[in-house]
Structure formats: structure tokens, C-alpha cells
Amino acid sequence: MAKIENRLKEMGIQIPETPVPVAEYLPSVMFDGNMVYVSGQDCRKNGKLLYEGKLGAELSIEQGKECARQSILNCLAALKYTIGDFDRVERIVKVLGFVASAPGFGGQPYVINGASELLTEVFGDRGRHARAALGTNELPFGTPVEIEMIVELKKE
Amino acid sequence: MAKIENRLKEMGIQIPETPVPVAEYLPSVMFDGNMVYVSGQDCRKNGKLLYEGKLGAELSIEQGKECARQSILNCLAALKYTIGDFDRVERIVKVLGFVASAPGFGGQPYVINGASELLTEVFGDRGRHARAALGTNELPFGTPVEIEMIVELKKE
Amino acid sequence: MAKIENRLKEMGIQIPETPVPVAEYLPSVMFDGNMVYVSGQDCRKNGKLLYEGKLGAELSIEQGKECARQSILNCLAALKYTIGDFDRVERIVKVLGFVASAPGFGGQPYVINGASELLTEVFGDRGRHARAALGTNELPFGTPVEIEMIVELKKE
């Protein structure tokens, strides 16, 4: 049973605690019976951002990818808040990723790959999603990456 | 009846006129029978932006929150265009908020709280949503805040 | 039959080849039976960006509109990857457009009109959508415009 949890264990991945929103909103919301919208997540690990700074300045693409990977792990934690069991996932539908970018940096897709690759590794074909990767000048609390996600659940 | 309209009246809130899109798009669109996508709204009040400028420079967090509150009121006006009666709302699903940010500003979540808090005050538990708050360097016509929203309606 | 393909032919528009994602994600994803999320598309034509640079600096509004038009053509190509036949479209639900903006540029809605106008020209009333147009400092590979789209299909 619990296939996805087993897969995470094999990969040596522990899903973080559900991130606590800083205001009147929720980590994720189920709608229309079998869809979930996951709130934007930064690259916090054990309460501290993995890195601070911008791509194209302080951070390398590899460090940015690590941030994207941590952000999507936090998205999975926020998803779990609503669905409990990852085996309920029919499909990761959409990932929207923002990368804090110094002037002239255009490698946002390479950075967000850190999230996309993890999703495919964990969920297989169910993890292959639509995506947009965008740059911006400033993100909350100085996180280099912020990611939100839409998920479809199996119909019961 | 008209519970939400009564609640708005109690709070002394008047929903603005439906904002007129500046092009070939609509204030909001219903899809899949019971979902509504609301177009991005700025902080215009009676045809004029509440403030101009950026967070972390000309504007304080409190002024930014006022902008977010006005933007979400404009989202409610745009929602009304499609649904007529707010009592049809099953759930505010998702809020996506952008904050015009001067270099080094990372307090976007505090700003967008101005929108989230209003939604909970008006809709109660139905108003608790998923959310992402992001920074950017420039927004349309110099608005400090722009917000879009996804809403689920009750099934009939 | 094939009404939309005929309309495209009348307009002298050829839908580009499906854009190839640069990573583990898909051009578009169907979900919930009759919804499609289209991945973010830049203004590439025959493998090369139509323009490079920013609005408010190197590029005019007209050039930006051309970029938005090309980006939405690439969205249609990415949509075709999933649905095959454009006559399956019930409604273009939502367009989210980002414009690479030099300091002080606030005309993003005029730029994204290049996409909105094309959708209405091709799909008529079915092409009228909800929308948000936003500015940002940097976009992938230096594209001046990036657009993503949500589409509802006819129920079978």
C-alpha cells in the first residue's frame, strides 16, 4: 500500500512539517471535490531559508535548484495537510515557480527544474505537470525561490 | 437571506462598481459549472489608485495593506459581475497577490494580509483560502498591489 | 467542420510546432476531464525569440504586443498537443501574462492585449477570458513576454 510514502523512503526524503501560514490563509485548499490548490512555499528547511540572495548574483544555478527542490518538498507538506495520503494523487497538474533574479539572469527554467525533477521522481508519470517559471526582483523574506502547485486527486 | 450582503453592510463596506477591463477580456469568467476565475485587480477607488509607489520605498506596510484591501474589494466587484449574489460562494479557493517592491523589500505577505483578512471577515470559514504573495518591480499603471482570485460556487 | 482551423486559415495564421519543454514538464496537461492547463510560453518563432529586451527601454508597446501575440500562438500550439482539435474548446478561461519591464513602465495591459485580441479574433465569444497582466524584471532567456493559459473543453 502507501506507495508514494515508500517511494519517498527509498529516496531518503522526509516530508517536512506542514508550513504554518503567516496569516489568515491555509497551506492548501480542496475544491470541486477532487482538486487541491497549494499555497506558495519558500525554501525554508527546519525554519530557516536554505539560502538567501539572488540567482545571477550570490547564488549558482545548482544552489537555486536546491531551493526549488526544498520549496516543492514544502508544497508536498502543505498538500499533505489537506489530503493526508499521497496515494490519493491522480496528477500533479501545474507548478508555478518564481525565481529572485539579479539583472540579466534568464535561467529561471533551469532553477525550477529542481522542483519538476523531484515531482517526476516521486510520482512517476502522475508527476509530469504543466509549468511556468518566472523571474522577479524580490520575494518574501528574501527567499530565492517560491513555488505554488495545483493537484488533481483520484475520484472516489 | 442575502447573508453576505448584510455582513458587508454591518462592516460598512460598499462593493465598488464592476471594474471595466481595458481590453478584450472580462472582469470574471465562470467555468466548469461552479468555478469562477476573477481577473487581476489593482487598488483603484472611484477611478483613482489609492496610492502610487513601491513598498520598501514610498509606502508603508499599512498603506500597502490598504491597497490590498481595496484590490480584493475590486475582486469582489468583478466576482459579482458573474455571480450576482455573494451567497452563491461555497469557498474562496485561491488568492494570488503581487506587490510592487523596492530593492530589499521582503514583506509581501504582510501586505497581502490586507486582502486575506477582509475575505475571512466577510465570508468566515468560506473565506479561508490558499494563497501566494509575490514581489515584482513594476505593476500596471503604477499600482502598488495587484490581486487575482479563484472562487468555488455552491452546486445547485 | 474544423471551424477554428478554418478561421485560423482565413486569418493567415499557422499554428507553430508544439514547443518542446526544457525539462521534466509537459506543454499542457488535461485535468478533471475537461480542463487544460497550458505551460508558460515565450515569444519564440521558428526557434528564435521575436525580440529581446524590455518594455519601457528597448521595445515599443507595438513590439511588445507582437511578442504577446506570438506567445499566445505558442500557447495554442501547446494546447493542441493535448486536445488535437481546437473545436473541442468550450471557453478560454484565463490568461496570465508577464511583461519584462524597465523601471517606471506601467503599460503591461496594453502589451498583453496582443494576446487577448488574438484569442477573441480566433474563438469569438468563447475566446473572452479572465486575465491578469503583470510586470517583472527578468524573464526566461530574455523573452519580453511570457504567457500561460487555462482552457475549458466541451463535455462529451
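Here we summarise the structure given alongside this text. Model, not experiment: these values are computed from the prediction.

Reading the values: rules and limits
Residues take numbers from 1 onward in each chain, read along the sequence in its written order. The order in which chains are written sets their letters, starting at A; the order in which ligands are written sets their numbers, starting at 1. With pLDDT at 70 or above as the cut-off, local features in this predicted model cover only qualifying residues; side-chain atom pairs require 80 or more to be listed or tallied, and sums for whole chains, interfaces and linings still use all residues. Side-chain calculation: all heavy atoms of the structure are included, whereas hydrogens and water are not. Note on definitions: a residue-residue contact is assigned when non-hydrogen atoms from the two residues lie within 4.5 Å. Two parts placed together each lose some accessible area under a 1.4 Å probe, and the buried area is that loss summed for both. The rule for a salt bridge is simple: a side-chain nitrogen of Lys or Arg has to be within 4 Å of a carboxyl oxygen of Asp or Glu. We call two N or O atoms a polar contact when they sit within 3.5 Å, provided that within protein one can donate a hydrogen and the other can accept it, with sequence-adjacent residues counted only if both atoms are side-chain atoms. The numbering of helices and of strands both runs from the N terminus, where a helix is a DSSP run of H or I of at least 4 residues and a strand a run of E of at least 2. Note on residue categories: nonpolar means Ala, Val, Leu, Ile, Met, Phe, Trp, Tyr, Cys or Pro, charged means Asp, Glu, Lys or Arg, and polar means any other residue, Gly included. In this comparison the copies share one frame, found by least squares on the C-alpha atoms of residues holding pLDDT of at least 70 in both. Any two strands are treated as partners once DSSP identifies two or more bridges connecting them. Angles shown run from 0 to 180 degrees and are taken between the N-to-C directions of axes, each axis being a line fitted to C-alpha atoms and, for helices, limited to the stretch in contact. Grid points spaced at 1 Å over the protein atoms alone were grouped into cavities, where a 1.4 Å probe fits but cannot get out, and pockets, open sets with protein on both sides within 12 Å along at least five of seven lines, with lining residues defined by an atom within 4 Å of a point. Grid points are joined across faces, edges and corners, and a volume is the space filled by probe spheres set on the points. Under the pairing criterion, centres of Phe, Tyr and Trp rings, with the six-membered ring standing for Trp, must be within 6.5 Å; the plane angle then separates stacked pairs below 30 degrees from edge-to-face pairs above 60, leaving the rest tilted. Categorising residues by exposure relies on relative accessible area from a 1.4 Å probe, with only protein chains included: less than 20% of the type maximum marks a residue as buried, more than 50% marks it as exposed, and the intermediate range marks it as partly exposed.

**Comments concerning the interface of chain C and chain B**
Taken together, the contact pairs 35 residues of chain C with 22 residues of chain B. Around 2,300 Å² of area is buried between chain C and chain B when both sides are counted, 58% of it from carbon and sulfur atoms. On inspection of chain C and its partner chain B, the count reaches two salt bridges. The salt bridge involving B:Asp32 is made with C:Lys155; its shortest N-O contact spans 3.7 Å. On the surface where chain C and chain B come into contact, there are twelve residue pairs in polar contact (both at pLDDT 80 or more). Going through the elements one at a time, β2 (35-41), β5 (89-100), α3 (108-123), β6 (130-136) and β7 (145-153) of chain C are the ones with two or more residues in the side of chain C that touches chain B. Class assignment of the residues belonging to the side of chain C that touches chain B gives a composition of 15 nonpolar, twelve polar and eight charged.

**Here we look at the relation of the copies chain B and chain A**
For the pair of chain copies, the relating operation is a rotation around an axis with a shift along it. For the match of chain B to chain A, the screw axis carries a shift of 0.0 Å, the RMSD comes to 0.0 Å, and the turn is 120 degrees. Within this description, the copies of the chain are treated as partners about a three-fold rotation axis. When each C-alpha of chain B is compared by its distance to the rotation axis, B:Thr136 comes out closest, at 3.1 Å.

**Observations concerning the sheet that holds β2(C)**
Residue and element names in this part refer to chain C. As summarised here, the arrangement of the five strands in space is β1-β2-β7-β5-β6, forming an open sheet in which the pairing is mixed. Edge positions in the open sheet fall to β1 (28-31) and β6, since each of these has one partner strand only. Strand-to-strand, the axes of this sheet are offset by a mean angle of 15 degrees, without reference to chain direction. Here β1 pairs with β2 via four bridges, running antiparallel. By the bridge assignment, Ser28 is partnered in β2 with Val38. The strands that α3 touches are β5, β6 and β7; relative to β5, the one it contacts most, it runs at about 160 degrees.

**Details of the sheet that holds strand β7 (residues 145-153) of chain B**
Residue and element names in this part refer to chain B. The strand order across the open sheet built from five strands is β1-β2-β7-β5-β6, with neighbouring strands paired in mixed fashion. Looking at the sheet topology across the chains shown, the edges are occupied by β1 (28-31) and β6 (130-136). The mean angle between the axes of side-by-side strands here comes to 15 degrees, regardless of whether they run parallel or antiparallel. Helix α2 (residues 61-83) rests against β1, β2 (35-41), β5 (89-100) and β7 of the sheet, and its axis sits at about 40 degrees to β7. Packed onto the sheet, helix α3 (residues 108-123) meets β5, β6 and β7 and runs at close to 160 degrees relative to β5.

**Here we look at empty space enclosed by the protein**
Using the criterion set out here, one finds three cavities of 30 Å³ or more in the structure. Within this model, the largest cavity holds a volume of roughly 140 Å³. Where the lining of the largest cavity is concerned, the elements lending two or more residues are β2 (35-41) of chain A, β2 of chain B together with β2 of chain C. Of the residues in the lining of the largest cavity, the class split is twelve nonpolar, no polar and three charged.

**Digging into the relation of the copies chain C and chain B**
Between chain C and chain B, the superposition needs a rotation of 120 degrees and an axial shift of 0.0 Å, giving an RMSD of 0.0 Å. Take the interface residues of chain C: only 14% of them recur as interface residues in chain B, which is what a contact between different surfaces looks like.

**Brief notes about the packing of aromatic side chains**
In total, this model carries twelve aromatic pairs over all chains according to the counting rule given. When the ring of A:Phe141 is compared with that of B:Tyr110, the centres are 5.6 Å apart and the planes differ by 70 degrees; the resulting orientation is edge-to-face. Placement of A:Phe141 in the loop between β6 (130-136) and β7 (145-153) and of B:Tyr110 in helix α3 is noted, with the two residues assigned to different chains. Using a relative accessible area of 30% as the deciding quantity, one classes A:Phe141 as partly exposed. Of the residues examined, B:Tyr110 reaches a relative accessible area of 38% and is grouped as partly exposed. Grouped by ring-pair contacts, the aromatic residues A:Phe98, B:Phe98 and C:Phe98 constitute a single cluster.

Don't take any of this as a statement about function, it's just geometry.
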